[in-house]
Amino acid sequence: MDHDDLAHWSKRAADWTRDYHAGLRDRPVRPDLEPGAFRKLIDGPVPEEPESIETIFDDFTRLVPDAMTHWQHPRFFAYFPANAAPVSMLAEQLANAMAGQAMLWQTAPAANEMEALVVDWMRNALGLPGSFTGTIHDSATTATLTAVLTMREKALDFQGATDGLSGAPRLRLYASSHTHSSVDKALRLSGIGQNNLVKVPTFGQDRRWSMDPDALDRLIRDDVAAGMTPAGVVLAVGGTGIGATDNPKDLIAVAHRHGLPVHVDAAWAGSAMICPEFRDLWQGIEKADSIAFNPHKWLGAQFDLSIQFLRDPAPQIRTMGLRPAYLETLGQDEVVNYNEWTVPLGRRFRALKLWFLLRSEGLAGLRSRIRNHVTWAREARDAIAALPGFEIVTEPILSLFTFCFQDDARTAALLEAVNRDGRIYLTQTQAEGRFVIRMQVGQFDCTREDVMMAPEVLRDIAARL
Ligand SMILES: Cc1ncc(COP(=O)(O)O)c(C=O)c1O
């Protein structure tokens with residue numbers, strides 16, 4: 001393929017994209033496929049001779065979409081959304097076309113300076129103090145890993161990365177059982193060890209399952225008394241299962257009293273903070289040391305793009321940054337080289353899609369989408385609560401709630417049948433000791449009608465079980 005062919009096929013791809021999105025409502029959200037079925041359709045030896053793009057493109061359109069779960073489907077109510085506003089897809093195409101690599105300022109000046117700008121824009125849009133700076137990662141998992149590595153190094157006086165952990169004190173981190181598994185993973189990968197993630201008891205629904213600050217305080221003291229070294233606290237604002245939200249104000253106060261840094265995982269709920277009325281959810285956030293937030297979830301920046309805000313980037317740069325001779329940018333001591341803030345050296349030009357998105361939709365446009373989602377989630381909650389045999393188990397936090405149908409077995413059977421039906425897509429979790437179905441509303445282009453189809457489908461299928 002040469003660049004003329006690329007231009008031709010890009011237009012074909014653009015037409016296909018339009019038709020694909022226009023037809024999403026007519027597709028099942030999730031394909032009803034057995035594992036291995038798709039491999040059978042494409043199996044064969046690696047091609048020795050070139051094939052025509054016509055053939056490859058045709059195979060793609062015939063085979064791939066029917067074997068995909070459609071994350072941009074307006075009735076995707078599972079997990080959390082991975083919204084890709086059309087304008088962010090366009091920006092991604094342009095970033096791909098330049099195929100730059102933004103490891104250093106001098107390898108991609110525009111990408112580097114746009115990254116700083118969009119991080120500032122988002123900080124202001126979320127109502128965070130101007131003292132926060134930050135960077136862009138691929139995912140919240142990486143942002144959290146980076147924060148945990150920095151906690152480890154601070155606790156070890158920046159000796160762990162050089163000397164290793166053997167002989168080091170036993171480090172401890174604190175989080176609730178509602179935090180995302182990426183926190184457990186970060187402890188595994190950082191060498192701190194998953195068993196050193198202390199799960200702090202939480203309050204109930206009336207306090208959004210926040211960790212109890214007194215329990216946190218007591219557990220830190222107990223660990224110190226037992227000769228261990230507390231290294232940091234991780235808070236959830238909008239946890240994955242049921243939206244559990246730690247109280248930043250009280251918990252950060254406890255952590256800081258013990259000299260511990262605090263990382264906040266607001267991967268999903270962070271987007272809602274562009275609406276001032278939702279900010280009571282993270283009151284006190286301005287004292288956090290690090291905050292992870294995924295514009296690739298609810299906001300609409302094509303996957304992947306996670307922002308980590310930092311109150312002071314210096315400890316993270318000290319932890320992550322290496323400057324071998326070949327990465328010196330001679331005569332440019334004043335520039336920021338973001339590879340020193342993050343895990344990989346090579347970095348994609350992710351800022352472009354956020355720059356396009358924020359300019360094209362405007363904060364006002366994005367706010368009204370999020371407000372609609374929260375309102376419609378509550379309407380769907382009420383409609384589901386009114387169905388015979390259904391019970392709301394956890395009330396909406398923003399646009400996420402859970403429910404069950406009679407008992408655990410019937411709830412699981414209902415979920416399976418709903419997802420085989422394909423009109424909507426829902427997933428499950430455990431809450432209040434029960435198997436529950438989660439529903440979140442947040443797909444970029446969903447309408448009230450799409451959302452209110454969920455209770456209809458549930459009533460239909462429950463009646464047939
Ligand atoms: C609250 C929360 N934190 C972290 C993550 C991990 O996000 P990522 O896929 O960007 O690593 C998720 C994923 O859904 C999440 O819901």
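Quick caveat, the model's predicted, so the values are computed rather than measured.

1. Quick notes on unusual backbone geometry
Point 1. Going from Phe303 to Asp304, the amide bond is cis rather than trans, its omega being 15°.
Point 2. Among the structural elements, Asp304 can be located in the loop between helix H11 (295-299) and strand E7 (306-310).
Point 3. Residues other than glycine seldom take positive phi values, yet Asp157 does so here, at roughly 55°.
Point 4. Structurally, the position occupied by Asp157 is in the loop between helix H6 (140-155) and helix H7 (160-163).
Point 5. In this structure, Trp209 is a non-glycine residue whose phi angle is positive, near 60°.

2. Examining the packing of helix H13 (residues 351-385) against helix H15 (residues 448-464)
Point 1. Viewed as axis vectors pointing N to C, H13 and H15 meet at an angle of 20°, and their least axial separation amounts to 9 Å. One element, H13, and the other, H15, form an angle in the roughly parallel class. Regarding H13 and H15, the two cross each other, and that crossing is right-handed. Touching Trp376, Glu379, Ala380, Ala383 and Ile384 of H13 are Arg448, Val451, Met452, Ala454, Pro455 and Leu458, all from H15.

3. As for the packing of helix H9 (residues 213-225) against helix H10 (residues 248-257)
When two helices pack together, their arrangement is given by the angle between their axes and by how far apart the axes lie.
Point 1. One way to put it is that H9 packs onto H10 with a least axis distance of 9 Å and a crossing angle of 15°. On the basis of the axis angle, H9 is roughly parallel to H10. In this structure, H9 meets H10 at a crossing whose hand is right-handed. Contact residues: H9 offers Pro213, Leu216 and Asp217, while H10 offers Asp250, Leu251 and Val254.
Point 2. Residues that form the contact of H9 with H10 fall into these classes: four nonpolar, no polar and two charged.

4. Quick notes on the environment of Asp206
Point 1. Tracing the backbone through its elements, the reader meets Asp206 in the loop between strand E3 (197-200) and H9.
Point 2. What makes Asp206 exposed here is the crowd of 7 C-beta atoms within 10 Å.
Point 3. In the structure, Asp206 is positioned 189 residues away from Thr17 in sequence and 45 Å away in space, judged by C-alpha atoms.

5. Comments concerning the pairing of strand E6 (residues 290-293)
Along a regular strand, successive side chains alternate from one face of the sheet to the other.
Point 1. Burial of the side chains of E6 extends over both faces: Ser290 and Ala292 are buried on one face and Ile291 and Phe293 on the other.
Point 2. In terms of strand pairing, strand E5 (residues 262-265) meets E6 through three bridges, oriented parallel. Bridge pairing in E6 links Asp265 to Ala292.
Point 3. As defined by bridge partners, E6 adjoins E7 across four bridges and the pair is classed as antiparallel.

6. Some thoughts on the site of the ligand
Point 1. Taken together, 13 residues form the shell around the ligand, and within it Ser139, Ala140, Thr141, His180 and Ala267 come nearest.
Point 2. Of the residues contributing to the shell around the ligand, the split by class is four nonpolar, eight polar and one charged.

7. Focus on the sheet that holds E5
Point 1. Taken in spatial order, the seven strands of this open sheet run E1-E7-E6-E5-E4-E2-E3, and their pairing is mixed. At either margin of the open sheet sits one strand with a lone partner, and together these are strand E1 (133-137) and E3. For this sheet, the mean inter-axis angle between neighbouring strands, taken without regard to orientation, is 20°.
Point 2. In this sheet, E7 lies alongside E1 in antiparallel orientation, the contact comprising five bridges. Across the sheet, the residue bridging to Thr133 is Leu310, located in E7.
Point 3. Helix-sheet contacts for helix H5 (residues 109-125) involve E1 and E7, and the interaxial angle to E1 is about 115°.
Point 4. H10 rests against strand E4 (229-236) and E5 of the sheet, and its axis sits at about 170° to E4.

8. Some thoughts on the nonpolar core
Point 1. Of all hydrophobic cores here, the largest spans 122 residues; its most connected members are Phe77, Leu173, Val233, Ala266 and Leu426.
Point 2. A total of 13 residues in this core trace back to one element, the largest contributor, which is H13.
Point 3. Once residues lying within four places of it in the same chain are set aside, the contact partners of Val233 are Tyr174, Leu216, Leu251, Ala255, Leu260 and Val262.

9. A closer look at the environment of Ala37
Point 1. Looking at where Ala37 falls in the secondary structure, it is placed in helix H2 (residues 37-42).
Point 2. Look at Ala37 and you get exposed, because 11 C-beta atoms sit within 10 Å.

How each quantity is defined
Along each chain, numbering runs from 1 in the same order as the chain's sequence is written. Totals for whole chains, interfaces and linings use every residue, but because this is a predicted model, local features are given only for residues with pLDDT of at least 70 and side-chain atom pairs only at 80 or more, for both listing and counting. The helix count covers DSSP runs of H or I at least four residues long, the strand count covers runs of E at least two residues long, and both are numbered beginning at the N terminus. Axes here refer to lines fitted to C-alpha atoms; in helices the fit is confined to the stretch in contact. Angles between the N-to-C directions go from 0 to 180 degrees. The cut-offs work like this: below 35 degrees is roughly parallel, past 145 is roughly antiparallel, 65 to 115 is roughly perpendicular, and the gaps in between are oblique. The sense of a crossing depends on the near helix, which, turned anticlockwise from the far helix by less than a right angle, makes the crossing left-handed and, turned clockwise, makes it right-handed. Residues are treated as contacting if the C-beta atoms built from their backbones sit within 7 Å of each other. Three residue categories are used. Nonpolar comprises Ala, Val, Leu, Ile, Met, Phe, Trp, Tyr, Cys and Pro, charged comprises Asp, Glu, Lys and Arg, and polar comprises the others, including Gly. For every residue, the other C-beta atoms within 10 Å of its own C-beta are counted; 20 or more classify it as buried, 12 or fewer as exposed, and values in between as partly exposed. C-beta atoms are placed from the backbone. For two strands to be treated as a pair, DSSP must find at least two bridges joining them. Any residue whose C-beta atom, as set from the backbone, lies within 6 Å of a molecule or strand is reported as near that molecule or strand. Any nonpolar core is a set of buried residues, restricted to Ala, Val, Leu, Ile, Met, Phe, Trp, Tyr and Cys, that join up through C-beta atoms within 7 Å.

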